[in-house]
Amino acid sequence: MKKKLFSTIMMLAMMVAAFGLSAYGGDEVNKDNSSFLVGTWSITSDQGQGGDAGNGEPEYVRFKSNGTYINVQFDDGLYITKGTWKVTNNKLIMKETEGNLKETYTYTILNHSQSTLTLEMWGTTVNLTKVHDSTIDKYLK
């Protein structure tokens, strides 16, 4: 009887431990998983104060899996910036390391899927759509 009770308790303990570990791992992955960002995105619209998309000029950002980014935009000609990025607590933090401003920008991630992304910063909402990486290659030569 003692042996059967001990086996039952051990089996329950292992099940609780396995459930606890799988639940912890799942939460951690969901909280810190920013792999959906990796790739090239096209800004399709921005709305609010300071929003100026729709001027006919494309703007792209490529997030690399190594934590760096390249931003291609047209502002009185081709303008390319580079930097680092990370996601922390539903915030996309981009630090420009090559460009004129060398600023840090923090965006709130409002919504995302594998093909769309909505960000907000300083009262401006920005919508992006994932495009093929080769879309910006012609600007990077």
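The coordinates are above.
Let me sum up the structure you'll find in this document.

Each value, and the rule that gives it
- Residues numbered from 1 in each chain as written.
- Predicted model: local features only at pLDDT ≥ 70, side-chain atom pairs only at ≥ 80, totals over all residues.
- Heavy atoms only, no water.
- Salt bridge = Lys/Arg side-chain N within 4 Å of Asp/Glu carboxyl O.
- Helix = DSSP H or I, 4+ residues; strand = E, 2+ residues; numbered from the N terminus.
- Buried < 20%, exposed > 50% of the residue type's maximum accessible area, 1.4 Å probe, protein only.
- Contact = heavy atoms within 4.5 Å.
- Polar contact = N/O pair within 3.5 Å; in protein donor to acceptor, adjacent residues only side chain to side chain.
- Core = buried A, V, L, I, M, F, W, Y, C linked by side-chain atoms within 4.5 Å.

1. A look at the pattern of salt bridges
Then step 1. The tally for this structure, following the rule as stated, stands at one salt bridge.
Then step 2. Two residues, Arg62 and Asp137, come together in a salt bridge whose shortest N-O distance is 2.8 Å. A residue pair is termed long-range when its members are at least 10 positions apart, and Arg62 in strand E2 (residues 60-63) and Asp137 in the segment after strand E8 (124-131) qualify at 75 residues.
Then step 3. The exposure class of Asp137 is partly exposed, given its relative accessible area of 31%.

2. Brief notes about unusual backbone geometry
Then step 1. In this structure, Asn89 is a non-glycine residue whose phi angle is positive, near 50°.
Then step 2. For Asn89, the location among the structural elements is in the loop between strand E4 (78-88) and strand E5 (91-98).
Then step 3. Classification of Asn89 as exposed rests on a relative accessible area of 61%.
Then step 4. Phi angles above zero are rare outside glycine, and Trp122 is one such case at about 55°.
Then step 5. Counting through the fold element by element, Trp122 comes out in the loop between strand E7 (116-121) and E8.

3. Overview of the side chain of Thr81
Then step 1. Its location among the elements puts Thr81 in strand E4.
Then step 2. Given the relative accessible area of 4%, Thr81 is considered buried.
Then step 3. Dropping the residues within four chain positions of it, Thr81 is found in contact with Tyr69, Ile70, Asn71, Glu96, Glu98 and Gly99.

4. Observations regarding the side chain of Asn71
Then step 1. Examined against the element boundaries, Asn71 turns out to sit in strand E3 (residues 68-74).
Then step 2. At 3.5 Å, the side chain of Asn71 forms a polar contact with the side chain of Glu59.
Then step 3. Among the polar contacts listed, one links the side chain of Asn71 to the side chain of Gln73, at a separation of 2.9 Å.
Then step 4. For Asn71, the residues in contact, after removing those within four places along its chain, are Glu59, Tyr60, Val61, Tyr79, Ile80 and Thr81.

5. Remarks on the environment of Glu57
Then step 1. Positionally, Glu57 belongs in the loop between strand E1 (39-48) and E2.
Then step 2. Look at Glu57 and you get partly exposed, because its relative accessible area is 44%.
Then step 3. Spatially, the C-alpha atom of Glu57 lies 9.8 Å from that of Gly77, the residues being 20 residues apart in sequence.

6. Observations concerning the environment of Thr104
Then step 1. Mapped onto the elements of the fold, Thr104 is located in strand E6 (residues 104-112).
Then step 2. When near neighbours in sequence (up to four residues on either side) are disregarded, Thr104 contacts Ile93, Met94 and Lys95.

7. Some words on the nonpolar core
Then step 1. In this structure, Leu37, Phe63, Trp85, Leu92, Met94 and Leu117 are the most contacted members of the largest nonpolar core, which totals 18 residues.
Then step 2. Contributing elements (two or more residues each) for this core: E2, E4, E5, E6, E7 and E8.
Then step 3. What Leu117 contacts, discounting residues up to four positions off in sequence, is Phe36, Leu37, Trp41, Ile109, Asn111, His112, Val126, Asn127 and Leu128.
Then step 4. Among the nonpolar cores identified, the runner-up in size contains five residues, and Ile70, Val72, Ile136 and Tyr139 belong to it.

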